[in-house]
Amino acid sequence: MEQITVAGHADPIPVSPVAAKLLRERLEETRQKRGAEAADQLEARVGERIVLLLQSGKPSIDLGNMRAVVTYAEVPPEEEDSSALGRTLRGIKDKLAQRGGLQR
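All values reported here derive from a predicted model rather than from experimental measurement.

Rules used throughout
- Residues numbered from 1 in each chain as written.
- Predicted model: local features only at pLDDT ≥ 70, side-chain atom pairs only at ≥ 80, totals over all residues.
- Heavy atoms only, no water.
- Helix = DSSP H or I, 4+ residues; strand = E, 2+ residues; numbered from the N terminus.
- Contact = heavy atoms within 4.5 Å.
- Areas by Shrake-Rupley, 256 points an atom, 1.4 Å probe, with all protein chains shown as cover.
- Buried < 20%, exposed > 50% of the residue type's maximum accessible area, 1.4 Å probe, protein only.
- Arc of directions from axis to C-beta.
- pLDDT = per-residue confidence, 0-100.
- Patch = residues over 30% accessible without salt bridge, like charges linked within 9 Å, V, L, I, M, F, W, Y side chains within 5 Å.
- Salt bridge = Lys/Arg side-chain N within 4 Å of Asp/Glu carboxyl O.
- Core = buried A, V, L, I, M, F, W, Y, C linked by side-chain atoms within 4.5 Å.
- Axes fitted to C-alpha atoms, helices over the stretch in contact; angles between N-to-C directions.
- Parallel < 35°, antiparallel > 145°, perpendicular 65-115°, else oblique.
- Left-handed = near helix turned anticlockwise from the far one by under 90°.
- Nonpolar A, V, L, I, M, F, W, Y, C, P; charged D, E, K, R; others polar.

Chemist: Could you clarify how one ought to interpret the overall build of the protein chain in this entry?
Modeler: When helices and strands are tallied, the protein chain shows 4 helices and 2 strands. Expressed as a percentage of contacts within the protein chain between residues at least 6 apart in sequence, the contacts between residues at least 24 apart total 53%. A total accessible area of about 7000 Å² is found for the protein chain, and carbon and sulfur atoms account for 51% of it.

Right, dumping it as structure tokens:
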């Protein structure tokens, strides 16, 4: 087990090595694609969700829990595309990503 720290929890949290790697990769990917501010927002949201898992009785975070938290943590889009076509395309991309058909 590795230990990570997250916003909202004072003590280090035990996570599996692959779960820690997934979190690091997702944060770095977000930092490269959308900038440091978006990565910080993602990190805060992930921290909030991990704290909720711990409060519900999880002793540690495994790959499945981390994947669920990281994959579905919402980061606001850089710019809102309010056109109907933009929303439709974003919805299709989101569905494909959830099913593993599209890599983000």
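Chemist: Looking at this structure, I do not really get helix 3 (residues 63–72). What am I missing?
Modeler: An α-helical turn contains 3.6 residues, so any two residues separated by three or four positions project in the same direction. Of the residues making up helix 3, those classed as buried are Asn65, Met66, Val69 and Val70. An end-on view of helix 3 places all buried positions within 115 degrees of arc, on one side of the element. Along its buried surface, helix 3 packs onto strand 1 (2–4), strand 2 (13–15), helix 1 (17–34) and helix 2 (36–55).

Chemist: Help me understand the confidence of the model for the protein chain, please; the structure alone is not making it clear to me.
Modeler: The predicted coordinates ought not to be read in detail in places where the model reports low pLDDT. Averaged over every residue, the pLDDT of the protein chain is 81; the share at 70 or more is 84%. Averaged pLDDT values over the elements of the protein chain bottom out at 76 in helix 4 (residues 84–98) and peak at 92 in helix 1.

Chemist: In this structure, what is going on with the environment of aspartate 40? I would like to understand it.
Modeler: Of note, aspartate 40 is situated in helix 2. Residues aspartate 40 and threonine 30 lie 10 residues apart in sequence; the distance between their C-alpha atoms is 9.1 Å.

Chemist: Got a minute to help me understand the environment of leucine 42 in this structure?
Modeler: Considering the arrangement of structural elements, one finds leucine 42 in helix 2. In this structure leucine 42 comes out as buried when scored by relative accessible area, which is 0%.

Chemist: Quick question: what am I supposed to make of a nonpolar patch on the surface here?
Modeler: Together, Leu85, Leu89, Ile92 and Leu96 make up a nonpolar patch on the protein surface, roughly 380 Å² of accessible area in all. Note on placement: leucine 89 falls in helix 4. When its relative accessible area of 44% is taken as the criterion, leucine 89 is described as partly exposed.

Chemist: Explain the nonpolar core here, please?
Modeler: Generally speaking, nonpolar side chains in soluble globular proteins are found buried as a group. Formed by 19 residues in total, the largest nonpolar core has its most connected members in Ile4, Ile13, Val15, Val46, Ile50, Ile61 and Met66. Only strand 2, helix 1, helix 2 and helix 3 provide two or more residues apiece to this core. By residue number, the principal contributor to this core is helix 2, which donates 6 residues. Ignoring any residue separated from it by four or fewer positions in sequence, one finds isoleucine 61 in contact with Ile13, Pro14, Val15, Ser16, Ala19, Ile50, Leu53, Leu54 and Met66.

Chemist: Help me understand the packing of helix 1 against helix 3, please; the structure alone is not making it clear to me.
Modeler: For any two helices packed against each other, the geometry comes down to the angle between their axes and how far apart the axes lie. Contact geometry for helix 1 and helix 3: axes closest at 8 Å, N-to-C directions at 15 degrees. Put simply, helix 1 runs roughly parallel to helix 3. The way helix 1 lies across helix 3 gives a crossing that is right-handed. Packed against helix 1, whose contacting residues are Val18, Ala19, Leu22, Leu23 and Arg26, the element helix 3 presents Leu63, Met66, Arg67, Val70 and Thr71 at the interface. Within the contact of helix 1 with helix 3, the residues separate by chemical class into 7 nonpolar, 1 polar and 2 charged.

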